[in-house]
Amino acid sequence: MKRAVWISVFFLAAVSQGSFAAENHLNAQQQLGRRLFEQSCGVCHTRPTLISGMYGPELSRLNLGGQEELLRMFISNGTERMPGFKYTYNPDEIAAIAAYIKTLPPGTQDIPTARAPTKAPTPAQ
């Protein structure tokens, strides 16, 4: 029992240390963008569990050719499936979200999910 507690404590310390280290490379604008992204964008653009799907596409620095002006426009005005945030966030906050998206490497969220069988199994006779 004590061993499991120590392993848990060690794991939590390593995870929290890693998350702080991941944020060290972000400047103040990108850190703000990360917080806003997690509040409003993460629900659709991140995978809540390893086996679940995502509602929206994975976002990375490659989206829209990495053009920050286009990212700002899409975040502000939205699309048919995505709400616009021009009434939620001011232009500086939208720029911060775009700056954060430009730090995201591709392939961190787009993990293939388990597929349902195409044909239902036949009952045993």
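The present account deals with the structure reproduced in this document. Just so you know, these numbers come straight off a predicted model, no measurement behind them. (Residues numbered from 1 in each chain as written. Predicted model: local features only at pLDDT ≥ 70, side-chain atom pairs only at ≥ 80, totals over all residues. Heavy atoms only, no water.)

1. A look at the packing of aromatic side chains
Turning to step 1, where the next piece is worked out: Throughout the structure, instances matching the rule amount to 2 aromatic pairs.
Turning to step 2, where the next piece is worked out: Measuring from ring centre to ring centre gives 6.0 Å for phenylalanine 85 and tyrosine 89, while their planes differ by 25°; the resulting arrangement is stacked.
Turning to step 3, where the next piece is worked out: One cation-aromatic arrangement involves arginine 81 over tyrosine 55; the distance from NZ or CZ to the ring centre is 4.7 Å. (Phe/Tyr/Trp six-rings, centres within 6.5 Å; stacked < 30°, edge-to-face > 60°. Lys NZ or Arg CZ within 6 Å of the ring centre and 35° of its normal.)

2. Section: the pattern of salt bridges
Turning to step 1, where the next piece is worked out: Summed over all chains, the structure comprises 2 salt bridges.
Turning to step 2, where the next piece is worked out: We note a salt bridge from arginine 34 to glutamate 38, for which the minimum N-O separation is 3.2 Å. Placement of the pair is arginine 34 and glutamate 38 together in helix H2 (residues 28-45), with a separation of 4 residues, close to one helical turn. (Salt bridge = Lys/Arg side-chain N within 4 Å of Asp/Glu carboxyl O. Helix = DSSP H or I, 4+ residues; strand = E, 2+ residues; numbered from the N terminus.)

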